[in-house]
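A look at the structure
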There are 2 protein chains.
Amino acid sequence: MTQKITIVENILSANDQIAQKNRALLDAAGVFAINIMASPGAGKTTFILKTLEALQGRLRLGVIEGDVASSIDAEKAAAAGIPAVQINTGGDCHLDAVMVANALPALPLTDLDLLIIENIGNLICPASFALGSHLNLLIASIPEGDDKPYKYPGMYRGVQALIINKIDLLPYVPFNMDYFRQGVEILNPGLVTFPVSAKTGEGMQAWADWLVERVQTWKQDLSR
Amino acid sequence: MTQKITIVENILSANDQIAQKNRALLDAAGVFAINIMASPGAGKTTFILKTLEALQGRLRLGVIEGDVASSIDAEKAAAAGIPAVQINTGGDCHLDAVMVANALPALPLTDLDLLIIENIGNLICPASFALGSHLNLLIASIPEGDDKPYKYPGMYRGVQALIINKIDLLPYVPFNMDYFRQGVEILNPGLVTFPVSAKTGEGMQAWADWLVERVQTWKQDLSR
């Protein structure tokens, strides 16, 4: 049992070492990276496509799409004219730092300001694997229900921003926003949160403005 | 690399061995077990509670609730007057046969006809771990989107029945039922499928009738 724990720790620390190298590579190229995590069907892809749209002309963008199988998402991003790389994990339930390290050379990093990494749809495994990103973002969605912070605490603890997507469905599903926010606040006090509907566009501007500000501040700090 | 693959195979086969023991124990007690899998927020808990309601007086019921953390779901089942055991995986992304083997003695098996096992909310990991159940059931839900069979093929391949939940939301979200069903048919031809709304009750009777029939046929075969 002790041996098993030691092995797990070694794997995590090997991942962390490669994540640090990814971060150094991104810093050197001046690329701010977001690791986007969510449950399957929370609307990651639509949210990312709408975010790319809102940021066009303000930041130079690139995308890494993680998937268990298929390349549906990378095709959508490429169709939007954004440099995109697809990682098929072949069954693995999360991206890891090695996969991202292998994908980075396929992107024109020095021509980018922002790299959006779409992780595998999963509320458990991705929380344990650092990728080297500057921001970990969770997308919750209204039809998932208001109990998710209580049931997936690891994921809610490990992020620096939270999107609450599909707010257009609030009239049609049972969802107590106070109960949801209370759960989030216990796990991650003061977490910055954006209620949006990627479908209708509601709230997307506030999120895009915040992100642009965040990337620009980071770039200024970097060049000091 | 070869060594790594060998280790994984050994783990899976150890799990399968214990799953077979679970099955033998359930068969001996005359208990039909369903392993219910779904994405977080697909509505597993509400669906199970409504299923229990529809089956009251027709089958003697028990529940094993799997969760990463918390005991919200087992409390709901217990409040409905059903023998329920909670398994907290402490972070693990799926139930395995050992967890179920450890939970079974806590249930009055000889007094049950049907055991419902609620797996962890996850469309990837649970597909790889047999529990000893007689039926693997997947709950998809409309707001997850119609591309899920294409993106999580392993899960769609490994089940013997499919619930399409939250059909009351069809007017409010983009969901092409033909595209969804086409993906399912490619992976799992002829899969028996029940479109339902656990919230409104639509379709729940057809599902409950099918399940009662299935359990009774199985019991008859068992006693031959």
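Now for a description of the structure that goes with this document.

Turning next to the sheet that holds strand S7 (residues 192-195) of chain A. Within a beta sheet, neighbouring strands are joined by backbone hydrogen bonds and run either parallel or antiparallel to one another. Residue and element names in this part refer to chain A. One open sheet holds the 7 strands; their spatial order is S3-S2-S4-S1-S5-S6-S7, and the pairing between them is parallel. Two strands bound the open sheet, and with one partner strand each, they are strand S3 (84-88) and S7. Averaged over all pairs of adjacent strands, the angle between their axes in this sheet comes to 20 degrees, without regard to strand direction. Where strand S5 (residues 135-141) meets strand S6 (residues 161-165), 5 bridges bridge the pair, whose relative direction is parallel. Bridging across to S6, Leu 137 finds its partner in Ala 161. Packed on one face of the sheet, helix H2 (residues 44-55) meets strand S1 (32-38), strand S2 (61-67), strand S4 (114-121), S5 and S6 and runs near 170 degrees to S4.

With 28 residues of chain B in contact, the opposing surface of chain A contributes 28 residues. At the level of secondary structure, the elements contributing two or more residues to the side of chain B that touches chain A comprise helix H5 (148-151) and helix H6 (153-157) of chain B. A per-element tally of the side of chain B that touches chain A places H5(B) first, with 3 residues. Class assignment of the residues belonging to the side of chain B that touches chain A gives a composition of 14 nonpolar, 8 polar and 6 charged.

Our next topic: the relation of the copies chain B and chain A. Under the fitted operation, chain B is carried onto chain A by 0.0 Å of movement along the axis and a turn of 180 degrees, and the coordinates agree to an RMSD of 0.0 Å. Interpreted geometrically, this transformation is the action of a two-fold axis. In terms of C-alpha distance to the rotation axis, chain B has B:Asn122 as its closest residue, with the C-alpha 3.1 Å off the axis.

All names here are of chain A. Relative to the assigned elements, Leu 115 resides in strand S4. For Leu 115, a count of 27 C-beta atoms within 10 Å gives the class buried. Taking C-alpha positions, Leu 115 is 26 Å from Ile 142, a pair spaced 27 residues apart along the chain. When near neighbours in sequence (up to four residues on either side) are disregarded, Leu 115 contacts Leu 26, Val 31, Ala 33, Gly 62 and Ile 64.

Here the focus is the packing of helix H2 (residues 44-55) of chain B against helix H8 (residues 204-222) of chain B. For any two helices packed against each other, one specifies the crossing angle of their axes together with the interaxial distance. All names here are of chain B. At their nearest, the axes of H2 and H8 sit 10 Å apart, and the two run at 65 degrees to each other. By the angle between their directions, the pair H2 and H8 is classed as roughly perpendicular. Our pair here, H2 against H8, has a crossing hand that is right-handed. Residue-level inspection shows Lys 50, Thr 51, Ala 54 and Leu 55 of H2 in contact with H8, the latter providing Met 204, Gln 205, Ala 208 and Val 212. Taken together, the residues that form the contact of H2 with H8 break down as 5 nonpolar, 2 polar and 1 charged.

With that out of the way, let us pick up the sheet that holds strand S4 (residues 114-121) of chain B. All names here are of chain B. Taken in spatial order, the 7 strands line up as S3-S2-S4-S1-S5-S6-S7 in an open sheet, and their pairing is parallel. Looking at strand neighbours, the two that pair on one side only are strand S3 (84-88) and strand S7 (192-195), the edges of this open sheet. Each strand axis lies, on average, 20 degrees off the axis of its neighbour in the sheet, ignoring direction.

All names here are of chain A. With 4 of its 5 residues buried, S6 lies for the most part within the structure. Where S6 lies against S7, 4 bridges are found, and the strand directions are parallel. Across the sheet, Ile 164 pairs through a bridge with Pro 195, a residue of S7. Following the backbone out of S6, through helix H7 (residues 177-187) and into the adjacent parallel S7, one traces a crossover that is right-handed.

We now examine the environment of B:Ala29. Residue position: B:Ala29 is located in helix H1 (residues 2-29). Filtering out sequence-adjacent residues up to four positions away, B:Ala29 remains in contact with B:Leu109 and B:Thr110.

Next up on the list: unusual backbone geometry. Residue and element names in this part refer to chain A. Within the chain, Lys 166 stands out as a residue other than glycine whose phi angle is a positive 65 degrees. Mapped onto the elements, Lys 166 comes out in the loop between S6 and H7. According to the C-beta neighbour criterion, Lys 166 is buried, with 31 such atoms within 10 Å.

As a further point, take helix H7 (residues 177-187) of chain B. Residues and elements named next belong to chain B. Looking only at H7, the buried set comprises Phe 180, Gly 183 and Val 184. One side of H7 carries all its buried residues, which in axial view fall inside an arc of 95 degrees. Looking at the buried side of H7, the elements it contacts are H5, H6 and strand S6 (161-165).

Conventions and cut-offs
- Residues numbered from 1 in each chain as written.
- Chains lettered and ligands numbered in written order.
- Predicted model: local features only at pLDDT ≥ 70, side-chain atom pairs only at ≥ 80, totals over all residues.
- Pairing = 2+ DSSP bridges.
- Helix = DSSP H or I, 4+ residues; strand = E, 2+ residues; numbered from the N terminus.
- Axes fitted to C-alpha atoms, helices over the stretch in contact; angles between N-to-C directions.
- Contact = placed C-beta atoms within 7 Å.
- Nonpolar A, V, L, I, M, F, W, Y, C, P; charged D, E, K, R; others polar.
- Least-squares fit on C-alpha atoms with pLDDT ≥ 70 in both.
- Buried ≥ 20, exposed ≤ 12 C-beta atoms within 10 Å, placed from the backbone.
- Parallel < 35°, antiparallel > 145°, perpendicular 65-115°, else oblique.
- Left-handed = near helix turned anticlockwise from the far one by under 90°.
- Right-handed = clockwise from strand over helix to strand, strands pointing away.
- Arc of directions from axis to C-beta.

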